[in-house]
Amino acid sequence: MISFHQKRAVCSSSSSPHKTLSIFPFLSLSVSPLLFHNPKKLPKISLIRCLLLLLQHPQKTLKTSFQSMASSSSFLSYLISICISLLLTFTSAEDPTVSYHFELSYITASPLGVPQQVIAINGKFPGPTINSTTNNNVVVNVRNKLDETLLLTWAGIQQKRSSWQDGVLGTNCPIPPKWNWTYNFQVKDQIGSYFYFPSLNLQRASGGFGSFIINPRSVIPIPFDSPAGDITILIGDWYIRNHTALRKTLDAGRDLGMPDGVLINGKGPFRYNDTLVPDGIDHETINVEPGKTYRIRVSNVGVSTSLNFRIQNHNLLLAESEGSYTVQQNYTSLDIHVGQTYSFLITMDQNASSDYYIVASARFVNESTWQRVTGVGILHYSNSKGKASGPLPDPPQDQFDNTFSMNQARSIRWNVSASGARPNPQGSFKYGSINVTEVYILKNKPPVTINGKKRATLSGVSFVNPTTPIRLADEYKVKGAYKLDFPTEPLTGPPRLETSVINGTYRGFMEVILQNNETKMHSYHMDGYAFFVVGMGYGEWTNDSRGTYNKWDGIARTTTQVYPGAWTSILISLDNVGVWNLRTENLDSWYLGQETYIRIVNPEKNNKTELPMPDNALFCGALSHMQKPQDTSAALRVHGSVVVVLGLFMVAILSGLVL
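These numbers were taken from a predicted model, which means no experiment stands behind them.

Some details on the overall build of the protein chain
So, step 1. In terms of helices and strands, the protein chain carries nine helices and 35 strands.
So, step 2. Considering the protein chain as a whole, with its 659 residues, one finds that 59% of them fall into the buried category.
So, step 3. Considering only contacts within the protein chain whose residues lie at least 6 apart along the sequence, 77% involve residues at least 24 apart.
So, step 4. Approximately 26,700 Å² of the protein chain is accessible, and the part contributed by carbon and sulfur atoms is 51%.

Shown next, in the form of C-alpha cells:
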C-alpha cells in the first residue's frame, strides 16, 4: 500500500528499489525511494538553490545520473533526487500521482515444465500490480521491446473523459517496437479490482498482464472490516505455443484446441497427481496466518476458458466485483469467466493439519478429457503440519447442466447501501427507473467463412480494425475511416467485413441484449463503463424477457458471461464521451472480429466532458505523415542536460518559488 501525502505527486514502482519519474516526455530518471517514503528527511534546501548547484556541473551531473543511473549514494544523483522531490512538493496537483515504468520484452520461462517464450514486464511474469487510490492520476511509461507493435489496455478502468488512453486500436495507434509511450489517466470515482493486458494480436496469450487495484479514499467507509492482507491471484488457461503460433493456427482456419494447462500467478500446478502433473513444475504458494481474514482478488486473464475457483475447506465470502461492492454471500466455489475479477474475504479458520489446495479448473467442457486443464496452488498456514495431499476438492457436479452456474451468477447482487468511490450509497443511482432510449440486440454465431477466411461475427458483422483509429479520425476529420451503421438487430443477409460502429447518444440509456448462439461460453466486456447486468436466461431473448429483469440490485460491472444458447441483458448510462470498445473477452473470437465500438459525442464540445487529445498521441493510417520519428537509443544525450535543467527552472519560477 502506498501512503499518499495530500497534494503531493508520489511515484510508485513495485519492480525496482528506485522510483521512476517522468517529468517530460523525453526524460525519465531514477530517484531514491527514501525521499518519497519519508519527505521529512529532505535536506533544508530550496529548489532554485538545488538547480543552481546542478547548473554548476551539468555535464557531470547528467552523465552520472541519467546515463549510468548511478546509485543514490552518489552526491550528484542524490542532489537530483532532492531537486525532483522539492519540485513535486511545491508544484502540487489536485490529486496524487502514481507512476510506473513498464518495459515489455520476451523472456524464456517454463510455467508448465516446457521452455517457451513469454511476455514479461521488467523481466517478470506476470507483471507488477498497479496500486492506486480513487482519483489518483496514473502514469505508466511503456517501452516496447517486443518485435511487434503493442498497446496496453486497462480492463475496467473507465478512463472518464479520455478514451485516448484506452489502449485499443479503435482509439490508439499502436506503439512501434523499440518505442516508448506514456499513458496518463485518472482513476476518477472508481474503486475495486481489475487487471491490465496487451490488447493486440493475441499477445495476452503469452503474458504481459498484471493486476490493477483502486483503493478507496480513507474518508470513505468500506462495508467490511479491514483485512489482514490483500492478495492478488491471476488465473487463466495457458498454451505452450506462444501467441504468434496461436495466431497462425487461427489464420489457417483451425481452432486453438484444448489448452495445455492453467496457470496461477504465472505458475503451473502443484504435483497433486503424478500422472497428470510432471515433476519439476514451480507452483504458487500463498502464505497466511491462522485466524486472520484476507482479501483475495482473483482475475481470469486466460484465453477462452471459464474456470471454477475454490480453496479446499474454506468459504469464499464474495465482497466486490470489478468496482462494485456486492451483497456478501458465501460460496464454496465460484465460476470466473474470461476477463472477470472478483474479490473475496477468506478467513483462515482451519486447523492447519496440512496445507490446502487452491484450484482453478476448466468449466463447460468435457471435464474428464480436460483434467490437465487444472491449476493448483497451495494455501500455506504458518503453523501448517504438512503438505497438501489427496484428491482435489470437487467442482460443481453439473457438467451437463449449466443451470447451477447461471443461478449462482444471478445470486450476485449489488450492495445498494454500501458507499463506493463516493460517500453516497451505490444504490442511490436508480437504474431501474430510467427510460431506455436505444436498444441493440447483439447476436453471435459459430465462426463463418468470409472471403475465404475464418471470421467471428457479432450480429452478422465481423469487425475490421481501422487503419486510422476512430477517435483520431474524428479529431482530424478523416473521411471513410469507419461507418456509423452497426445494426440494432442481427443482419438477415450474408455476414460482412466492416469497420461498423454503434452511434450512441450522449446521456442516453442503452439496453444491450447479448445473445450467444454458439456452443461455448462467452464473456463480453465494454471499455469506459460499468454496466448493469439485469437479466440472463436460456433460449432466445424476446420482449417478454424484460419481465424477468432485476431493476433494483443487479450488479454493476465491466465484464459479463453469456451462457451457450442463452442471453444476458445489460443497461448502460451513456455519460462518458469517447469511443469505447465492446468485445468478447475470448481471445480467439476477438482476434477473428467479434467486437465493435460505441461512439458517444457531446454535441457541445468542451473539456468538461472530454479531455483534449494528449500531446504525445501517436499517428498512423491516413495521418502517418504527422508522426515524428522517436529517438530509440537507451541513453539520454548529455547535450540535452542544460535544456532539462532550464526546464526545471521555468517550472520552479512559474510556481512562484523563492530562494
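After presenting the structure, the write-up continues.
A look at the nonpolar core
Across soluble globular proteins, nonpolar side chains show a tendency to be buried alongside one another.
So, step 1. With 77 residues, the main nonpolar core has Ile235, Phe309, Phe344 and Leu379 as its most contacted residues.
So, step 2. The residues contacting Ile235, other than those within four sequence positions of it, are Leu263, Ile264, Val298, Ser299, Asn300, Val301, Gly302, Leu307, Phe309, Ile336 and Ala360.
So, step 3. Counting 36 residues, the second largest nonpolar core, distinct from the first, contains Leu150, Cys173, Leu472 and Ala617.

A short note on the sheet that holds strand E31 (residues 556-557)
So, step 1. Spatial strand order, E22-E28-E33-E30-E31: five strands in an open sheet with mixed pairing. Whereas interior strands pair on both sides, the edge strands pair on one side only; in this sheet they are strand E22 (438-444) and E31.
So, step 2. Bridging between E22 and strand E28 (residues 509-516) involves seven bridges; their strand directions are parallel. Across the sheet, residue Lys443 finds its bridge partner in E28, namely Gln515.
So, step 3. Across the face of the sheet, helix H6 (residues 403-410) comes into contact with strand E30 (531-538) and strand E33 (566-573) while running at roughly 155 degrees to E30.

Side note on the sheet that holds strand E21 (residues 374-381)
Sheets are built from strands paired through backbone hydrogen bonds, the pairs being either parallel or antiparallel.
So, step 1. Pairing in this open sheet of five strands is mixed, and the strands run E13-E21-E20-E15-E18 from one edge to the other. The open sheet has two edge strands with one neighbour each: strand E13 (285-288) and strand E18 (334-336). Across the sheet, the mean angle separating the axes of adjacent strands is 25 degrees when strand polarity is ignored.
So, step 2. Where strand E15 (residues 307-311) and E18 come together, three bridges link them in antiparallel fashion. Within E18, the residue paired with Leu307 across the bridge is Ile336.

Quick look at H6
So, step 1. Looking at H6, one finds that the buried residues are Ser405, Met406, Gln408 and Ala409. Buried residues of H6, viewed axially, fall in a sector of 155 degrees; they line one side.
So, step 2. Contact partners of the buried residues in H6: strand E17 (324-331), E18, E30, strand E32 (559-562) and E33.

Concerning the pairing of E15
So, step 1. Most of E15 sits out of view: five of its five residues are buried.
So, step 2. Side chains Leu307, Phe309 and Ile311 of E15 all project onto a buried face; the interleaved residues Asn308 and Arg310 project onto the opposite face, where all are buried too.
So, step 3. Taken together, the five bridges between E15 and strand E20 (residues 356-362) define a ladder with antiparallel strand orientation. Residue pairing for E20: Arg310 is matched across the bridge by Val359.

A short note on the pairing of strand E6 (residues 137-144)
So, step 1. The buried count for E6 comes to eight of eight residues, which makes it a mostly enclosed element.
So, step 2. Side chains Asn137, Val139, Asn141 and Arg143 project from E6 onto one buried face, and the interleaved Val138, Val140, Val142 and Asn144 project onto a second face that is buried too.
So, step 3. When strand E3 (residues 97-109) meets E6, the two strands line up parallel, connected through eight bridges. Pairing of His101 across the sheet is with Asn141, part of E6.
So, step 4. As paired elements, E6 and strand E8 (residues 180-186) share seven bridges and run antiparallel to each other.

Here's the deal with the side chain of Glu595
So, step 1. As for its position among the elements, Glu595 is in strand E35 (residues 595-601).
So, step 2. Despite its burial, Glu595 pairs with no opposite charge, the nearest such side chain being Arg583 at 6.3 Å.
So, step 3. Here Trp590 takes part through its side chain, which lies 3.1 Å from a polar atom of the side chain of Glu595.
So, step 4. Residues in contact with Glu595, not counting those within four places in the same chain, are Leu458, Phe463, Asn465, Asn581, Leu582, Arg583 and Trp590.

Focus on the pattern of salt bridges
So, step 1. On inspection of all chains with the given rule, the structure shows 28 salt bridges.
So, step 2. Salt-bridge contacts for Asp189 lead to Arg422; the nearest nitrogen and oxygen are separated by 2.7 Å. In this pair, Asp189 is assigned in the loop between E8 and strand E9 (192-198) and Arg422 in the loop between H6 and E22, connecting sequence segments 233 residues apart.
So, step 3. Owing to a relative accessible area of 46%, Arg422 belongs among the partly exposed residues under this scheme.
So, step 4. The salt bridge involving Asp230 is made with Arg297; its shortest N-O contact spans 2.7 Å. Linking Asp230 in strand E11 (residues 229-238) with Arg297 in strand E14 (residues 293-300), this pair joins segments that are 67 residues apart in sequence.
So, step 5. Take Arg297: its relative accessible area is 5%, and that puts it in the buried class.
So, step 6. Each of Arg204, Asp527, Arg583 and Glu585 takes part in one network of salt bridges that share partners.

So, the packing of aromatic side chains
Between two aromatic rings, the relevant description is the distance of the centres plus the angle of the planes.
So, step 1. Under the counting rule described, the total for this entry stands at 27 aromatic pairs.
So, step 2. For the ring pair Phe197 and Trp590, a centre distance of 6.2 Å and an interplane angle of 80 degrees mean the geometry is edge-to-face. Here Phe197 is found in strand E9, whereas its partner Trp590 is found in helix H8 (residues 587-591), with 393 residues between them in sequence. One exposure class covers both Phe197 and Trp590, and it is buried.
So, step 3. When the ring of Trp414 is compared with that of Phe532, the centres are 5.2 Å apart and the planes differ by 75 degrees; the resulting orientation is edge-to-face. In this pair, Trp414 sits in the loop between H6 and E22 while Phe532 sits in strand E30, placing the two residues 118 residues apart along the sequence. Phe532 carries the same exposure label as Trp414, and that label is buried.
So, step 4. Taken together through their ring pairs, the aromatic side chains of Tyr100, Phe102, Trp154, Trp181, Tyr183, Phe185, Tyr196 and Phe212 make up a single cluster.
So, step 5. Between Arg204 and the ring centre of Phe197, over which it is positioned, the NZ or CZ distance is 4.5 Å.
So, step 6. The positively charged end of Arg363 is found above the aromatic ring belonging to Phe364, 4.8 Å away from the centroid.

Some points on helix H5 (residues 243-251)
So, step 1. Buried within H5 are the following residues: His243, Leu246, Arg247, Thr249 and Leu250. Buried residues along H5 cover an arc of 160 degrees about the axis, so they all sit on one side.
So, step 2. For H5, the elements touching its buried residues are E3, strand E4 (116-121) and H8.

Remarks on the state of the cysteines
So, step 1. The full count for this structure, using the stated rule, is one disulfide.
So, step 2. Here Cys173 is linked by a disulfide to Cys620, with a sulfur-sulfur distance of 2.1 Å. The S-S bond linking Cys173 to Cys620 shows a torsion near -85 degrees; that makes this disulfide left-handed. Residue Cys173 is located in the loop between strand E7 (152-155) and E8, and its partner Cys620 is located in the loop between E35 and helix H9 (641-654); the two are separated by 447 residues in the primary sequence.
So, step 3. With a relative accessible area of 14%, Cys620 lands in the buried category.

Rules and cut-offs
Residues numbered from 1 in each chain as written. Predicted model: local features only at pLDDT ≥ 70, side-chain atom pairs only at ≥ 80, totals over all residues. Heavy atoms only, no water. Helix = DSSP H or I, 4+ residues; strand = E, 2+ residues; numbered from the N terminus. Buried < 20%, exposed > 50% of the residue type's maximum accessible area, 1.4 Å probe, protein only. Contact = heavy atoms within 4.5 Å. Areas by Shrake-Rupley, 256 points an atom, 1.4 Å probe, with all protein chains shown as cover. Core = buried A, V, L, I, M, F, W, Y, C linked by side-chain atoms within 4.5 Å. Pairing = 2+ DSSP bridges. Axes fitted to C-alpha atoms, helices over the stretch in contact; angles between N-to-C directions. Arc of directions from axis to C-beta. Lys, Arg positive; Asp, Glu negative; His and termini not counted. Salt bridge = Lys/Arg side-chain N within 4 Å of Asp/Glu carboxyl O. Polar contact = N/O pair within 3.5 Å; in protein donor to acceptor, adjacent residues only side chain to side chain. Phe/Tyr/Trp six-rings, centres within 6.5 Å; stacked < 30°, edge-to-face > 60°. Lys NZ or Arg CZ within 6 Å of the ring centre and 35° of its normal. Disulfide = S-S within 2.5 Å.

The values are spatial; any link to function lies outside them.
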